[in-house]
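Architecture at a glance
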Amino acid sequence: MSQSFDVAVLGATGAVGSTVIEILEQREFPVGKLYALASKRSAGETLMFRGKPVMIEDADLFDWTKVKLAFFAAGGSVSAELAPRATAAGVVVIDKTSQFRYEPDIPLIVPEVNGHLIGQYTQRNIIACPNCSTIQLVVALKPIHDAVGIDRLNIATYQAVSGTGKAAIEELVQQTAQLLNGKGADSKVYPKQIAFNVLPQIDSFQDNGYTKEEMKLVWETQKILGDDSIRVNATAVRVPVFYGHSEAVAVETRAKLSAEEATKLLKKAPGVKVLDSRKPGGYATPVTEAAGEDAVFVSRIREDISHPNGLNLWIVSDNVRKGAALNSVQIAERLVKEYF
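Right, let's walk through the structure included here. (Residues numbered from 1 in each chain as written. Predicted model: local features only at pLDDT ≥ 70, side-chain atom pairs only at ≥ 80, totals over all residues. Heavy atoms only, no water.)

1. What about the sheet that holds strand S9 (residues 231-238)?
Reading across the sheet, the six strands line up as S9-S8-S10-S13-S12-S11 and stay open at both edges, with mixed pairing between neighbours. Edge positions in the sheet fall to S9 and strand S11 (272-274), since each has one partner strand and no second. For this sheet the average axis-to-axis angle between neighbouring strands, irrespective of direction, equals 20°. Pairing analysis gives eight bridges linking strand S8 (residues 150-159) to strand S10 (residues 245-253), with the strands arranged antiparallel. Bridge pairing in S10 links Asn154 to Ala250. Sitting on the sheet, helix H7 (residues 259-268) is in contact with S11, strand S12 (296-303) and strand S13 (310-317), with an inclination near 165° to S12. (Pairing = 2+ DSSP bridges. Helix = DSSP H or I, 4+ residues; strand = E, 2+ residues; numbered from the N terminus. Axes fitted to C-alpha atoms, helices over the stretch in contact; angles between N-to-C directions. Contact = heavy atoms within 4.5 Å.)

What follows is the structure in C-alpha cells.
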C-alpha cells in the first residue's frame with residue numbers, strides 16, 4: 001500500500017490498546033501519524049512506535065478530524081460517548097467493546113469468518129469486534145458450519161485474567177505471591193480469590209441465570225455465523241492463567257462429519273492451526289502454544305461417543321492478541337485495501 005492513514009488508538013495504555021499499537025508496527029500497517037489516546041491522567045506520558053516516542057493525549061480533548069481511522073479499546077461507556085464524536089468527524093471506528101455488537105446496522109466482524117460484511121460499516125461508520133472468547137470459537141467453527149451445518153453447541157470456557165484487564169493480571173501476581181509466602185490473598189478485582197482457584201462467573205448475572213459473558217457467546221456466534229437457529233449453551237469460567245483462553249466445545253452438526261474429515265477442514269481453514277497428536281502433550285495450551293501467537297489452535301478433535309452427529313474440540317487462542325488487537329488490525333487491513 002502506497003497510501004498511508006493517520007490513525008488514533010483510544011485506550012492506548014491498556015492491554016488491548018498497547019497490543020494494537022505493537023501489531024500495527026509488526027504488520028507494517030500504513031500508519032501516517034499515530035495518535036495515542038487515553039484518559040487525562042495518562043496524558044503527557046509517552047509510548048514507542050516505530051522507534052520514536054509518541055505522546056499520549058487526553059481523549060476527551062482530541063480533534064477527531066485529524067484521523068481517518070480509530071481503534072477503540074477503552075470500555076463500553078467511553079465508546080458510547082466518543083464514537084459518535086469520531087464518526088461525526090468522518091472517522092471509521094473499529095470498536096473492541098461490547099457497546100455496538102448487537103445493533104443490527106453495525107457489522108460484527110471476524111475477518112476469517114464474515115469479512116465480506118465489512119463494507120456495511122458505511123451505515124454508521126462503526127465496525128464492532130466480537131468478544132475474545134467468541135472470536136476463537138467462530139474461527140474454528142466456520143469450516144464445520146460451512147460443510148455440514150451446526151445445530152447445537154455446548155461450551156465450557158477457561159478464560160485468562162488478562163480478559164479483565166491489567167488490574168486483574170496484577171491481582172493474580174499479588175495473590176500468588178501472598179499465598180506462597182503464607183499470607184492471605186486480597187481480592188479486589190474478583191469476588192473471590194483467583195490464584196490457585198477457578199471462578200464460574202465472568203461478567204454480571206442475567207435474569208435467566210447465565211452470565212453476560214455466556215450470553216455473548218450465544219448472541220455473537222449466531223450473528224457472526226449468520227444463523228439464528230444455532231443453539232448455544234455456555235459456561236464461562238475464569239482461571240488463574242495470564243494470557244490465553246481455552247474452550248471445550250461439543251458440536252452437534254446437522255449432518256455427520258467424522259473427526260478425520262473435520263481435521264482436514266480445520267487444517268485448511270484460515271487462521272487455524274491444528275495441533276492434535278494423541279500422546280502426552282500433543283495438544284495446545286494457553287501458555288506453551290497460544291500466548292503471543294496469532295493462530296487459533298484446535299486440538300483433541302474427536303467424535304462424541306454420546307451423539308451420532310457430535311464432535312468435540314479443544315480451542316485455544318491468545319485472548320488479547322487474536323481475541324482483540326489482531327482481529328481489529330485485520331479488519332483495518334481489509335478495510336483500507338478494499339474500501340478506502
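2. Notes on the nonpolar core
With 56 residues, the main nonpolar core has Trp64, Phe72, Leu153 and Leu313 as its most contacted residues. Tallying contributions element by element places helix H4 (residues 132-148) first for this core, with eight residues. Of all hydrophobic cores here, the second largest spans 36 residues; its members include Phe29, Val31, Ala36 and Ile331. (Core = buried A, V, L, I, M, F, W, Y, C linked by side-chain atoms within 4.5 Å. Buried < 20%, exposed > 50% of the residue type's maximum accessible area, 1.4 Å probe, protein only.)

3. A few points about the layout of surface pockets
Unoccupied space between atoms shows up once a probe the size of one water molecule is rolled over them. Estimates place the volume of the largest pocket at around 750 Å³. Taken together, 32 residues line the largest pocket, and the ones lying closest to its centre are Asn131, Ser162, Gly163, Thr164 and Gly165. Per element, the largest residue contribution to the lining of the largest pocket is three residues, and it comes from helix H1 (residues 15-26). Its residues assigned to classes, the lining of the largest pocket shows eleven nonpolar, 15 polar and six charged. By volume, the second largest pocket is sized at about 320 Å³. Lining the second largest pocket are 15 residues, with Ala38, Ser39, Arg41, Ala74 and Val78 sitting closest to its centre. A total of four residues in the lining of the second largest pocket trace back to one element, the largest contributor, which is helix H2 (residues 76-88). Class assignment for the residues of the lining of the second largest pocket results in six nonpolar, six polar and three charged. (1 Å grid on protein atoms, 1.4 Å probe; cavity = no way out; pocket = protein on both sides within 12 Å on 5 of 7 lines; lining within 4 Å. Points joined across faces, edges and corners; volume = space filled by probe spheres on them. Nonpolar A, V, L, I, M, F, W, Y, C, P; charged D, E, K, R; others polar.)

4. With respect to empty space enclosed by the protein
All chains considered together, the criterion is met by one cavity of 30 Å³ or more. By volume, the largest cavity is sized at about 30 Å³. Mapped onto the lining of the largest cavity, the elements with two or more residues apiece are H1 and strand S5 (69-72). When grouped by side-chain class, the residues that make up the lining of the largest cavity number six nonpolar, one polar and one charged.

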